[in-house]
Amino acid sequence: QVQLVESGGGLVQAGGSLRLSCAASGRTFSSYPMGWLRQAPGKEREFVATINGGGSNTYYADSVKGRFTISRDNAKNTVYLQMNSLKPEDTAVYYCAATSAYPIVTVKMYHSWGQGTQGTVSS
C-alpha cells in the first residue's frame, strides 16, 4: 500500500491549464500503476487517466484525450496530471489512486486513495 497526497488544484477560466501532483510514500511506488480519477458534484466518481509502473504507457478517458497528460517521476515518488484546454465540465475533485494492473478503468479497482484536490473551471 502507498499513502497519497494530491495538490495543485485551483480555479481557472475555460481554456486554461492546471497541473496536479500526487506525492506517494512508500518504497514500492514504482511497482504500482497509478491513475487519476474525478468526481463532479452530483455525479459518480469516474476514470480520467492511468499510467503503468515504469511510466512508458498511458491510457485516457475519451473525454480528456488530447487535453490531459499523465506522467510520473519514480525518483520523486510523484505522479502528475497536466490539464490543458480546460472546460467547465472538467470541474471536479480530482483523486489519485493506485491499482494492481494496467490499464484499469474501473473505479472500484483502485485503492490507496488520496484526499483529493478541487479543480474548478469557470466559463
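These numbers were taken from a predicted model, which means no experiment stands behind them. (Residues numbered from 1 in each chain as written. Predicted model: local features only at pLDDT ≥ 70, side-chain atom pairs only at ≥ 80, totals over all residues. Heavy atoms only, no water.)

K.L.:
Looking at this structure, I do not really get the overall build of the protein chain. What am I missing?
P.N.:
Each helix and strand counted, the protein chain has zero helices and 10 strands in total. For the protein chain, the N- to C-terminal ordering of α and β elements is β-β-β-β-β-β-β-β-β-β. For the protein chain, the C-alpha radius of gyration of 13 Å lies close to 14 Å, the compact-globule estimate for 123 residues. Each principal axis of the C-alpha atoms in the protein chain carries an extent, and together these give about 40 × 25 × 25 Å. Every one of the 123 residues in the protein chain was classed for burial, and the buried ones make up 46%. If you take every contact in the protein chain between residues at least 6 apart in sequence, the share linking residues at least 24 apart comes to 59%. Counting only carbon and sulfur atoms, one obtains 48% of the accessible surface of the protein chain, whose full area is about 6100 Å². Within the protein chain, one finds 11 positive and 7 negative side-chain charges whose respective centroids are separated by 5 Å. (Helix = DSSP H or I, 4+ residues; strand = E, 2+ residues; numbered from the N terminus. Rg over C-alpha atoms; globule rule 2.2 N^0.38 Å. Buried < 20%, exposed > 50% of the residue type's maximum accessible area, 1.4 Å probe, protein only. Contact = heavy atoms within 4.5 Å. Areas by Shrake-Rupley, 256 points an atom, 1.4 Å probe, with all protein chains shown as cover. Lys, Arg positive; Asp, Glu negative; His and termini not counted. Charge placed at Lys NZ, Arg CZ, Asp CG, Glu CD.)

K.L.:
So what exactly am I meant to see when it comes to the environment of Gly-16 here?
P.N.:
Looking at the secondary structure, you find Gly-16 in the loop between strand E2 (10-13) and strand E3 (18-25). With 105 residues separating them along the chain, Gly-16 and Val-121 place their C-alpha atoms 8.2 Å apart. If we ignore the near neighbours within four places in the chain, the residues touching Gly-16 are Met-83, Asn-84, Ser-85 and Leu-86.

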